[in-house]
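Each chain, letter by letter, is given below.
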Amino acid sequence: MKALVISIFLAAAVYTLHSEAAANQSSRVKVTGIYSDMRSVPESGDILGIEVFVLPSRSGYQVVFQDAEGSPNVPTVVPAKIEKNHIEFDLPERQGYSGKFVGVITNNDMRGEFTNGQLSSSGKKTFILKRGRSYWQ
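Residues numbered from 1 in each chain as written. Predicted model: local features only at pLDDT ≥ 70, side-chain atom pairs only at ≥ 80, totals over all residues. Heavy atoms only, no water.

S.K.: So what exactly am I meant to see when it comes to the overall build of the protein chain here?
M.R.: For the protein chain, the helix and strand inventory stands at 1 helix and 9 strands. Here the protein chain holds 137 residues, and the buried ones make up 34% of them. Here the contacts in the protein chain between residues at least 6 apart in sequence split such that 33% fall between residues at least 24 apart. About 8,800 Å² of surface is accessible on the protein chain, with carbon and sulfur atoms providing 58% of the total. (Helix = DSSP H or I, 4+ residues; strand = E, 2+ residues; numbered from the N terminus. Buried < 20%, exposed > 50% of the residue type's maximum accessible area, 1.4 Å probe, protein only. Contact = heavy atoms within 4.5 Å. Areas by Shrake-Rupley, 256 points an atom, 1.4 Å probe, with all protein chains shown as cover.)

S.K.: What am I meant to see in the pattern of salt bridges here?
M.R.: Working definition: two side chains of opposite charge can pair if their charged atoms are close together. Throughout the structure, instances matching the rule amount to 5 salt bridges. The closest approach of N and O atoms between Glu 83 and Lys 81, which form a salt bridge, is 3.9 Å. Note on Lys 81: relative accessible area 48%, which makes it partly exposed. Of the charged contacts, one joins Arg 111 and Asp 109 as a salt bridge, the two residues approaching to 3.1 Å between their closest N and O atoms. By relative accessible area, which is 40% here, Arg 111 ends up partly exposed. (Salt bridge = Lys/Arg side-chain N within 4 Å of Asp/Glu carboxyl O.)

S.K.: Teacher, can you tell me more about the side chain of Ser 120 here?
M.R.: Relative to the helices and strands, Ser 120 is located in the loop between β8 (109-114) and β9 (127-131). With near-sequence residues (within four places) excluded, Ser 120 lies in contact with Tyr 97 and Phe 127.

S.K.: Just to check I follow, could you spell out the packing of aromatic side chains for this structure?
M.R.: Any two aromatic rings considered together are summarised by their centre-to-centre distance and by the angle between their planes. The tally for this structure, following the rule as stated, stands at 10 aromatic pairs. Seen in terms of ring centroids, Tyr 97 and Phe 127 are 5.5 Å apart; in terms of plane orientation they differ by 80°. Their pairing is edge-to-face. Here the residue Tyr 97 occupies a position in the loop between β6 (86-91) and β7 (99-105), and Phe 127 occupies one in strand β9, the gap between them amounting to 30 residues. Phe 127 shares its class with Tyr 97; the two are buried. Ring plane angle 70° and centroid distance 6.3 Å describe the contact between Phe 101 and Phe 127, whose orientation is recorded as edge-to-face. (Phe/Tyr/Trp six-rings, centres within 6.5 Å; stacked < 30°, edge-to-face > 60°.)

S.K.: Sorry if this is basic, but what is going on with the pairing of β9 here?
M.R.: Within a regular strand, side chains alternate between the sheet's two faces. Bridge count between strand β1 (residues 33-36) and β9: 2 bridges; the pairing is antiparallel. Looking across to β9, one finds that Tyr 35 is bridged to Arg 131. Two elements, β8 and β9, share 4 bridges in a ladder whose sense is antiparallel. Residue pairing across strands places Gly 112 opposite Phe 127, the latter belonging to β9. (Pairing = 2+ DSSP bridges.)

S.K.: Sorry, what's going on with the environment of Gly 117 here?
M.R.: Note on placement: Gly 117 falls in the loop between β8 and β9. A residue is classified by how much of its surface remains accessible, and Gly 117, at 31% relative accessible area, is partly exposed. The spatial distance from the C-alpha of Gly 117 to the C-alpha of Lys 100 is 9.8 Å, given a sequence separation of 17 residues.

In short, geometric facts, not functional conclusions.
Written out as structure tokens, the structure is:
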């Protein structure tokens, strides 16, 4: 009986340690990278969407942001506030998107919204930017 209790205790301990390690692993998301929904419209030749490049610097994370509504706007570089996998950055008043963007980064994408209600090029409030290569690559 004592051996059975010890075996159950050891199995529970191993399971708990494995579960905690798996949870910690899944909560560690690499935040740097390129996130984009930029695309071309074959019929018109227009380029639509946004691209966000998150990169580290000695003063913290930075975002290179570019949007396109027919043709690409000049990229903007702004500081980003990143805690775990949450991201926030503020775009200055300019042609195209501006204001605060708040989102979450996963291993596959960045999802977020502009707090002033700006819509994506597909007319949705939530932007879903796939992680991967730049439209320009």
